Amino acid sequence: MVSNGQSGKASTLIGRRILIGSAAILLLPGTKAPKNNMISPDDAFRGATSGRLLLIDIRRPDEWCETGIARPATPLDMRRAKFDEILLSLVGGNRARRIALICASGGRSSTLARRLRSAGFANILDVSGGMKGGWYSKGWIDLGLPLRKYCVAP
């Protein structure tokens, strides 16, 4: 028989194991991390091909050339001078236009999405996993979504 002091510790330990195990399930490859303002590569593809959203590939030109870009994406290097102005032009001045950002694995697009929301863009989405996939999500390429070659002369 377990004493009262030990049963409390055992119960806490079991609870922690269940919590840690549940969190690990959420982080398995191919599962979605629960985040706001995220969109899966599949949904981004469907939205961009239907015209419901504008998909912007924010990676560098050498990255575009290495992997190609998503077939419905518009390439716009996030380091480009006047990035916000160019983006605003692409959406016809409509800061409420639905825009999905894609990078290599989701890090840069997540950071840029937050900055653009702060700058008044109302409907910015981040493509989970980006082009190559992240630690919690498959990317555009992993999912076999369509690509097109895109190399810019230096």
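Look up a bit, the structure's there.
Residues numbered from 1 in each chain as written. Predicted model: local features only at pLDDT ≥ 70, side-chain atom pairs only at ≥ 80, totals over all residues. Heavy atoms only, no water.

Draft legend 1. Examining the sheet that holds strand β4 (residues 74–75) more closely. What the five strands build is an open sheet, ordered β1-β6-β5-β2-β4; its pairing is parallel. Each edge of the open sheet is held by one strand with a lone partner, namely β1 (38–39) and β4. When β1 meets strand β6 (residues 124–127), the two strands line up parallel, connected through two bridges. Bridge pairing links Ile39 to Val127 in β6. (Pairing = 2+ DSSP bridges. Helix = DSSP H or I, 4+ residues; strand = E, 2+ residues; numbered from the N terminus.)

Draft legend 2. Broad picture of the packing of aromatic side chains. Scanning the entire structure with this criterion turns up two aromatic pairs. Between Phe45 and Trp140, the aromatic rings sit 5.9 Å apart at their centres with planes inclined by 80 degrees, giving edge-to-face as the arrangement. Taken together, the positions of Phe45 in helix α2 (residues 41–50) and Trp140 in the loop between β6 and β7 (147–148) put the pair 95 residues apart, joining distant regions of the chain. Taking 5.6 Å as the distance between ring centres and 80 degrees as the angle between the ring planes, the aromatic pair formed by Trp64 and Tyr150 counts as edge-to-face. Residue Trp64 is located in helix α3 (residues 61–67), and its partner Tyr150 is located in the segment after β7; the two are separated by 86 residues in the primary sequence. You can call Trp64 buried: its relative accessible area is 5%. Note that Arg95 overlies the ring of Phe121, its terminal NZ or CZ placed 4.8 Å from the centroid. (Phe/Tyr/Trp six-rings, centres within 6.5 Å; stacked < 30°, edge-to-face > 60°. Buried < 20%, exposed > 50% of the residue type's maximum accessible area, 1.4 Å probe, protein only. Lys NZ or Arg CZ within 6 Å of the ring centre and 35° of its normal.)

Draft legend 3. Region of the structure containing the nonpolar core. Counting 15 residues, the largest nonpolar core has Ile56, Leu87, Ile99, Leu101 and Leu116 as its most contacted members. Counting residues per element, the ones that place at least two in this core are β2 (54–57), α4 (83–90), β5 (99–102) and α5 (107–118). No other element matches the three residues that α5 contributes to this core. If sequence neighbours within four positions are ignored, Leu116 has contacts with Phe83, Asp84, Leu87, Leu101, Phe121 and Ile124. In terms of nonpolar packing, the next biggest core, distinct from the first, is built from 14 residues, Ala70, Ala100, Met131 and Trp140 among them. (Core = buried A, V, L, I, M, F, W, Y, C linked by side-chain atoms within 4.5 Å. Contact = heavy atoms within 4.5 Å.)

Draft legend 4. View of the side chain of Asp126. You can see Asp126 is positioned in strand β6. Looking at Asp126, its side chain comes within polar contact range of the side chain of Ser109, at 2.4 Å. With near-sequence residues (within four places) excluded, Asp126 lies in contact with Asn37, Met38, Ile39, Leu101, Gly106, Ser109 and Ser110. (Polar contact = N/O pair within 3.5 Å; in protein donor to acceptor, adjacent residues only side chain to side chain.)

Draft legend 5. Looking closely at unusual backbone geometry. Despite not being glycine, Lys82 shows a phi value in the positive range, around 60 degrees. Turning to its location among the elements, Lys82 is positioned in the loop between β4 and α4.

Draft legend 6. Local environment of the pattern of salt bridges. Applying the stated criterion across every chain yields a total of eight salt bridges. Between Asp57 and Arg59 there is a salt bridge, with its nearest N and O atoms 2.9 Å apart. There is no split in this pair, since Asp57 and Arg59 are both buried. In this structure, a network of salt bridges that share partners links the residues Arg60, Asp62, Glu63 and Arg108. (Salt bridge = Lys/Arg side-chain N within 4 Å of Asp/Glu carboxyl O.)

Draft legend 7. Fine view of the packing of α4 against α5. Here α4 crosses α5 at 75 degrees, and the two axes come no closer than 12 Å. When the interaxial angle is binned, α4 and α5 end up roughly perpendicular. Along its contact with α4, which presents Phe83, Asp84 and Leu87, the element α5 presents Leu112, Arg115 and Leu116. Each residue belonging to the contact of α4 with α5 can be placed in one class, and the counts come to four nonpolar, no polar and two charged. (Axes fitted to C-alpha atoms, helices over the stretch in contact; angles between N-to-C directions. Parallel < 35°, antiparallel > 145°, perpendicular 65-115°, else oblique. Nonpolar A, V, L, I, M, F, W, Y, C, P; charged D, E, K, R; others polar.)

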